[in-house]
Amino acid sequence: MGSVERSKKKVQLWKKAMVHFSLCFVMGFFSGFAPTGKDSVFSSRVVSTENKQPQISPESVHTMNQSQSARAVPLHSSNVVNRSLRAETPVPVAVPAKSEELASPKPVDFHELKFPPARRLLIIVTPTSTRDRFQGVLLRRLANTIRLVPQPLLWMVVEGQSNSNEVTEILRKTGIMYRHLVFKGNFTDPEAELNHQRNVALKHIEHHKLSGIVHFAGLSNVYDLDFFKELRQIEVFGTWPMALLSANKRKVVIEGPVCDSSQVIGWHLRKINNQTDSETDAEPKPPPIHISSFAFNSSILWDPERWGRPTSGQGTSQNSLKFVKQVVLEDETKLKGIPPEECSKIMLWHLHFPIGVVQKNLVKTTPLLDVNTQR
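All values reported here derive from a predicted model rather than from experimental measurement. (Residues numbered from 1 in each chain as written. Predicted model: local features only at pLDDT ≥ 70, side-chain atom pairs only at ≥ 80, totals over all residues. Heavy atoms only, no water.)

A. Fine view of the sheet that holds strand β3 (residues 178–183). Here we have 7 strands laid out as an open sheet, ordered β3-β2-β1-β4-β10-β6-β11, and mixed in their pairing. Taken across any chain shown, the strands that pair with only one partner, and hence form the sheet edges, are β3 and β11 (335–337). Each strand of the sheet is rotated relative to its neighbour by a mean of 25 degrees, with strand direction disregarded. Packing against the sheet, helix α8 (residues 190–208) makes contact with β1 (122–127), β2 (153–160), β3, β4 (213–216) and β10 (294–297), and its axis sits at approximately 125 degrees to β3. (Pairing = 2+ DSSP bridges. Helix = DSSP H or I, 4+ residues; strand = E, 2+ residues; numbered from the N terminus. Axes fitted to C-alpha atoms, helices over the stretch in contact; angles between N-to-C directions. Contact = heavy atoms within 4.5 Å.)

In structure tokens form, the structure reads like this:
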């Protein structure tokens, strides 16, 4: 009987051990799925050792300040007060915007927005003469000046038909918005050829209804860059004085308007012809004006109702340049002297080179790339 009881006791002990093992296994298995929202003591220690800065709650800071202020330390009392004041001083906090303002923003009125005024288009008309031996040199020099003018700008270069592609190649390399107009015709008078070229440009402006300020720029003109800034301020007509320089004469002739502020009150005339009695009895002729000393709004060419211009059927539109000069000089009150503060300021110089004096084979231009390669 003793051996049977002993065997039963051993079986019970094994059963108890198995039950305890199974319970511990099950508890450990399910504890792995339990949420870990609160940090345990060990986790807080690990975090504090990693950050090397103990996390102290605001309550503990407040109690520490109270305990330090309660101590009677006369030598360091000022430090204690400063610490307490530093801890108790309110910190300004940015107040968030209201939810209503965020939910419904104010609509933007585009009429109240101020945009910079748009620049007017400058239409620069340049005639060229086949007899001019310095044509290539002067065209490149004028292109370098126009390239510095702010956009928008349209450069219209008029040329007689020829076998040379020099003008075309120069214009392609300028980087300027241009239109190259070519006409057919033979002229014996150089001035008549230039006027015909200007009429060709004006007809082109009229046909395409280009809107801008038209200025006739000769190849021999020298400009101050502020001149183009003042040119954009012209509403209808504008004029200015210019200096005429000759290669063979050591003198400068001023030609253009005499102004009181921006109002034209007279003219500087280069040539004053002696009038006879019969001429004085006739109607006074308008004063001569240089082709480069005035500018006008291009709308007078393609808006006849506004300016009272006769239609092309009446035959007066064949010479647009003559019409423009008549309109400019018939009413001086419409003319605006530029610059308006000081109309006597010279911003344009015209260099007079005799045409056909130098032989063409003596004037030779070399591109900049060839000069650099030669060096």
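There is more to say, and it comes next.
B. Spatial organisation of the side chain of N221. Inspection of the secondary structure puts N221 in strand β5 (residues 221–223). A residue is classified by how much of its surface remains accessible, and N221, at 1% relative accessible area, is buried. Polar contacts involving the side chain of N221 include one to the side chain of Y223, which spans 3.0 Å. Here the side chain of N221 touches H350 through a polar contact of 2.8 Å, side chain to side chain. (Buried < 20%, exposed > 50% of the residue type's maximum accessible area, 1.4 Å probe, protein only. Polar contact = N/O pair within 3.5 Å; in protein donor to acceptor, adjacent residues only side chain to side chain.)

C. Spatial organisation of helix α6 (residues 135–146). Between its terminal C-alpha atoms α6 stretches 16 Å, which fits the 16 Å expected from 12 residues at 1.5 Å a residue. Looking only at α6, the buried set comprises Q135, G136, L138, L139, L142, A143, T145 and I146. Contacts made by the buried residues of α6 are with β1, β2, α7 (166–172), β5 and α9 (225–231). (Expected span 1.5 Å × (residues − 1).)

D. Representation of the packing of aromatic side chains within the structure. Here the structure, examined in full by the defined rule, presents 8 aromatic pairs. Measuring from centroid to centroid gives 6.3 Å for F216 and F296, while their planes differ by 40 degrees, and the two rings are tilted. Within this pair, whereas F216 is found in strand β4, its partner F296 is found in strand β10, the two being separated by 80 residues in sequence. F216 sits in the buried class, given a relative accessible area of 1%. The exposure class of F296 is buried, given its relative accessible area of 0%. A centroid spacing of 4.8 Å and a plane angle of 75 degrees characterise the contact between F227 and W240, whose relative ring orientation is edge-to-face. Placement of the pair is F227 in helix α9 and W240 in the loop between β6 (237–239) and β7 (242–246), with a sequence separation of 13 residues. In textbook terms, an aromatic cluster arises when at least three aromatic residues are bridged by ring pairs, as seen for Y223, F227, F228 and W240. (Phe/Tyr/Trp six-rings, centres within 6.5 Å; stacked < 30°, edge-to-face > 60°.)

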